[in-house]
Amino acid sequence: MEASVLIDSFADFARDNNIDRPTMIRILEDVFRTMIRKKYETDDNFDIVINVDNGDLEIWRFREIVDDNSEDIWDHDKISLSEATQIEPDFEIGEEVAEEIKLEHFGRRAVMTARQTLIQKIKDLEKDILFEKYKDLVGEIIHSEVYQILSREVLLIDAEGNELTIPKSEQIPKDRYRKGDSIRAIVHRAEMVNGNPKIILSRTSPTFLERLFEAEVPEVYDGLITIKNVVREPGERAKVAVESYDDRIDPVGACVGMKGSRIHSIVRELQNENIDVINFTDNLELYLARSLSPAKITSMNISEDRDRVAVYLKPDQVSLAIGKGGQNIKLASKLVGMEIDVFRELDEFSEEDVDLDEFTDELEDWIIDELKRVGLDTAKSILKLGAEDLIRRTDLEEETVHEVIQVLSREFE
C-alpha cells in the first residue's frame, strides 16, 4: 500500500470532520513513528515530512559517519565509513548521512499494521469528536429520529447518523414511539463508557420544559422574561415560576399567549401535561399562595426555619390544593422548597364535612366515580348511609365498601 493512499484517506476524513491541519499531521506522524520504533527501536534520529495536500510522505534517517573500527559503530545514530560510501562515494568521517527510508522498506506486515493503527486512531478521533460535540450541547434541544425501540430505552440517530439513547426513565410515560418518528429532547448528559461515547437524551427534565418556553416565547428567549424555577410530574402536571424586570410586560400573559396560543404547542409536545405558569415574587407568603393555585388560601403559618408551612383553606378548596393524586401540593412544595401541610378551616356555624374528591390519594378514581353516580359526594353522606345501603345502591363489593368507610371514618377521628 502506498503512503499517499493512507494519507489521502485520513485527510479526507479529517476535512469532513473539520479537524485542523496540525492535528491531522500529528496523528499521521504518531503512526509512522510507531512503525519506525518497531523496526529501528528508536525514532530519535528520524525526521518525517508529510504533505496532506498531495499525500506525499518522506522519512529521513540521520547518522554520523565513524571509522569502521570505532566503538560507537553500533549506536543507532552512527554509520560506518564503508557503509556510508555505498550510499555516496565521497562521504568522509564526521559528516552526517541523510538517508531516505521508503515505506516499502518496512515490509508489508508493518505497513498493514500502520494502516490498522491509523484506522483505530480515526475511530478514536470520531468518538472524541462526538463526545466533545454533545458535551457542549448538554441542556440544549435537539431533533433526532427513532430507529430502534427496546424495552429499557429507545435508540435514535441524529442528522449525522450518530447513535443516541433515551432511557425509559427519561421518557414521558405517555410517549409512544415508532421507527422513523422525529422527536425533540434535550441532551441530558454525555459520558464515556468503556471508551465509547454514550449520549443520553431526556424529555422529563425540567430543563426540557424551560427550553420549550424559550422556543415558543420570544420574551423568554430574549431574556425579557426569566424562568426562575420549573418543577414537573412528566406528562401530568408542571409549575413554572416566571419573572419580568420590565413592568410593562406581564410574564404570565406573555408565556400563555392570546387564548393560550403559545402554551398549547408546549402542552401538546409534553403529551397534554397541565402547565401552571405563576408570577415569581420575593414575598414568600404571596409566592406560596400562588404556588397552590388554583386553590385559594385563607391563612398560613410559616415555621421559624422557613422549611415548613401550614396552610389553612376552606373545605371546598382543600381538594384543589392537594390535586389529583397529590400532584398539586407535591409540585408546590418543590417550587417553593418547603414542606406544605394543608388544613381545613371551619367556622363555628359550619358542620364539618369533607368533599369526596379530597380522598383521591387514598381512594381510587373509579370508586369515587361510582359513589358520585348514586349522589354521594361527601364523606358524611356516605357514613350516614351505612355499609348495607352502600352495597345495595352501588356496584361496589362488600370488601371495597368497608375499606371506603374505614378511610372516611379516620378523617373524623
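Use the structure listed above.
In this report, we go over the structure that sits alongside the text. A quick note: this is a predicted structure, and the numbers were derived from the prediction, not measured.

**Things to note about the sheet that holds strand 14 (residues 308-313)**
Then, number 1: Pairing is mixed in the open sheet, where three strands are placed in the order 13-14-15. Edge strands, defined here as strands with exactly one partner in the open sheet, are strand 13 (299-302) and strand 15 (339-344). With strand direction ignored, the average angle separating the axes of adjacent strands in the sheet is 20 degrees.
Then, number 2: As paired elements, strand 14 and strand 15 share six bridges and run parallel to each other. Note that in strand 15 the partner of V311 across the bridge is V342.
Then, number 3: Packed on one face of the sheet, helix 9 (residues 284-291) meets strand 13, strand 14 and strand 15 and runs near 120 degrees to strand 13.

**What to know about the pattern of salt bridges**
Then, number 1: Overall, the coordinates contain 32 salt bridges when judged by the stated rule.
Then, number 2: The residue R248 makes a salt bridge to D246 at a minimum N-O spacing of 2.9 Å.
Then, number 3: Note on R248: relative accessible area 75%, which makes it exposed.
Then, number 4: Where R392 meets D389, a salt bridge forms, and the shortest distance between an N and an O atom there is 3.0 Å. Taken together, the residues span about one helical turn, with R392 and D389 both in helix 14 (residues 387-393) at a distance of three residues.
Then, number 5: Residue class for R392 comes out exposed when judged on its relative accessible area of 61%.
Then, number 6: A single network of salt bridges, built from pairs that share partners, joins E29, R33, R37 and D43.

**Overview of the packing of aromatic side chains**
Then, number 1: For the structure shown, the criterion picks out four aromatic pairs.
Then, number 2: Each ring, one from Y40 and one from F106, has its centre 6.2 Å from the other, and the planes form 85 degrees; the classification is edge-to-face. One end of the pair, Y40, is in helix 2 (residues 21-40); the other, F106, is in the loop between strand 4 (96-100) and helix 4 (108-135), with 66 residues separating them in the sequence.
Then, number 3: For Y40, a relative accessible area of 18% corresponds to the buried category.
Then, number 4: F106 gets classed as buried once you look at its relative accessible area, which sits at 9%.
Then, number 5: Geometrically, the ring pair formed by F280 and Y287 is edge-to-face, given 5.0 Å between the ring centres and 75 degrees between the ring planes.
Then, number 6: Through a chain of ring-to-ring contacts, the aromatic side chains of Y40, F46 and F106 assemble into a single cluster.
Then, number 7: The ring of Y40 carries K39 above its face, with NZ or CZ at 5.7 Å from the centroid.
Then, number 8: Here the basic side chain of K228 rests over the ring of F280, its NZ or CZ set 5.1 Å away from the ring centre.

**A closer look at the sheet that holds strand 11 (residues 237-244)**
Then, number 1: In spatial order, the strands read 10-11-12; together these three strands make up an open sheet with mixed pairing. In this open sheet, the two strands that pair with only one neighbour each are strand 10 (225-233) and strand 12 (274-279). Strand-to-strand twist in this sheet, taken as the mean axis angle between neighbours without regard to direction, amounts to 20 degrees.
Then, number 2: Note that strand 11 and strand 12 share six bridges and pair parallel.

**Let's talk about a negative patch on the surface**
Then, number 1: Residues E364, E397, E398, E399 and E403 make up a contiguous surface patch of negative charge.
Then, number 2: Tracing the backbone shows E398 in helix 15 (residues 398-411).

**A look at the packing of helix 2 against helix 4**
Then, number 1: Orientation of helix 2 relative to helix 4, taken along the N-to-C sense of each, is 145 degrees, at an axis distance of 10 Å. Of the two possible hands of crossing, helix 2 and helix 4 adopt the one that is right-handed. Taken together, the residues of helix 4 that come into contact with helix 2 (itself represented by I27, L28, D30, V31, M35 and K38) are A110, V111, T113, A114, T117, L118, K121 and L125.
Then, number 2: Counted by class, the contact of helix 2 with helix 4 contains nine nonpolar, two polar and three charged residues.

Reading guide: rules and limits
- Residues numbered from 1 in each chain as written.
- Predicted model: local features only at pLDDT ≥ 70, side-chain atom pairs only at ≥ 80, totals over all residues.
- Heavy atoms only, no water.
- Pairing = 2+ DSSP bridges.
- Helix = DSSP H or I, 4+ residues; strand = E, 2+ residues; numbered from the N terminus.
- Axes fitted to C-alpha atoms, helices over the stretch in contact; angles between N-to-C directions.
- Contact = heavy atoms within 4.5 Å.
- Salt bridge = Lys/Arg side-chain N within 4 Å of Asp/Glu carboxyl O.
- Buried < 20%, exposed > 50% of the residue type's maximum accessible area, 1.4 Å probe, protein only.
- Phe/Tyr/Trp six-rings, centres within 6.5 Å; stacked < 30°, edge-to-face > 60°.
- Lys NZ or Arg CZ within 6 Å of the ring centre and 35° of its normal.
- Patch = residues over 30% accessible without salt bridge, like charges linked within 9 Å, V, L, I, M, F, W, Y side chains within 5 Å.
- Areas by Shrake-Rupley, 256 points an atom, 1.4 Å probe, with all protein chains shown as cover.
- Lys, Arg positive; Asp, Glu negative; His and termini not counted.
- Charge placed at Lys NZ, Arg CZ, Asp CG, Glu CD.
- Left-handed = near helix turned anticlockwise from the far one by under 90°.
- Nonpolar A, V, L, I, M, F, W, Y, C, P; charged D, E, K, R; others polar.

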